[in-house]
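Descriptive analysis of the structure
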Amino acid sequence: MVEWTEQERSIINGIFANLDYDDVGAKALCRCLIVYPWTQRYFGAFGNLYNAEAIKTNPNIAAHGVKILHGLDRAVKNMDNIKATYAELSVLHSEKLHVDPDNFKLLSDCLTIVIAARLGSSFTPETQAAWQKFLAVVVSALGRQYH
């Protein structure tokens, strides 16, 4: 089990309290698909992903980005038991979707970049440390079924 300080909990809750899901979710997933084009193979049913502009204007990608952030909401609400919270999602991504678990880390890095850009100077080293700890726990939980 991960130990969370009150400061870390406060930082994570603060980030999510002010998050524009439509903007951040879409930008993070778009960034991942553009920067790491091999991740596009999991989104073949989402339509045109032939270039960066097509990805950025694809409504299915935007909607899935929002869905990912709502999935992270579950971790925020269950910070003391993230592994159990994501058990079913881990099985889904592992056994049905066959997603390479390294892609969760790539997406978390892209999400960190988007969040940092939005928060600007308030994305302090302490904020980054708490945020990356949170995402590392989520990535570990999502990849649990693979081990």
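Data block above holds the structure.
Notes on the structure in this doc start here. (Residues numbered from 1 in each chain as written. Predicted model: local features only at pLDDT ≥ 70, side-chain atom pairs only at ≥ 80, totals over all residues. Heavy atoms only, no water.)

A few words now on the nonpolar core. One finds F16, L72, I82, L111, W131 and F134 to be the most contacted residues of the largest nonpolar core, which totals 31 residues. Those elements giving two or more residues to this core turn out to be α1 (6-17), α2 (21-35), α4 (59-77), α7 (102-119) and α8 (125-142). When residues no more than four places from it in sequence are discounted, the contact partners of L72 are F16, Y86, L111, F134, L135 and V138. By size, the runner-up hydrophobic cluster in this structure holds 12 residues, among which are F46, I55, L106 and L107. (Core = buried A, V, L, I, M, F, W, Y, C linked by side-chain atoms within 4.5 Å. Buried < 20%, exposed > 50% of the residue type's maximum accessible area, 1.4 Å probe, protein only. Helix = DSSP H or I, 4+ residues; strand = E, 2+ residues; numbered from the N terminus. Contact = heavy atoms within 4.5 Å.)

Applying the stated criterion across every chain yields a total of 6 salt bridges. One salt bridge in this structure joins R118 and D23, with 2.8 Å as the shortest N-O distance. With R118 in helix α7 and D23 in helix α2, this residue pair connects regions lying 95 residues apart in the sequence. Exposure remark for R118: the relative accessible area of 46% places this residue in the partly exposed category. The class for D23 is buried, based on a relative accessible area of 19%. Residues D109 and K105 are paired through a salt bridge, measuring 2.7 Å at the closest nitrogen-oxygen approach. Of the two residues, D109 and K105 both sit in helix α7, 4 residues apart, roughly one turn of that helix. (Salt bridge = Lys/Arg side-chain N within 4 Å of Asp/Glu carboxyl O.)

What follows deals with α8. With 18 residues, α8 extends 25 Å between its outermost C-alpha atoms, agreeing within 8% with the 26 Å of an ideal straight helix rising 1.5 Å per residue. Those residues of α8 lying buried are T127, A130, W131, F134, L135, V137, V138, V139, A141 and L142. (Expected span 1.5 Å × (residues − 1).)

A word on the side chain of D73. Along the chain, D73 turns up in helix α4. Buried within the structure, D73 lacks any salt-bridge partner; its nearest side chain of opposite charge belongs to K77, at an N-O separation of 4.7 Å. Polar contacts involving the side chain of D73 include one to the side chain of Y21, which spans 2.5 Å. Ignoring sequence-local partners within four residues, the contact set of D73 consists of F16 and Y21. (Lys, Arg positive; Asp, Glu negative; His and termini not counted. Polar contact = N/O pair within 3.5 Å; in protein donor to acceptor, adjacent residues only side chain to side chain.)

Moving on, we get to α1. Taking 1.5 Å of rise per residue, 12 residues should cover 16 Å, and α1 covers 16 Å from first to last C-alpha, within 8% of that figure. Looking at α1, one finds that the buried residues are E8, I11, I12, I15 and F16. Burial along α1 is one-sided: seen end-on, the buried residues are contained in an arc of 130°. Facing away from the buried surface of α1 by more than 90 degrees, the exposed residues are E6, Q7 and A17. Lining the buried residues of α1 we find α2, α4, α7 and α8. (Arc of directions from axis to C-beta.)

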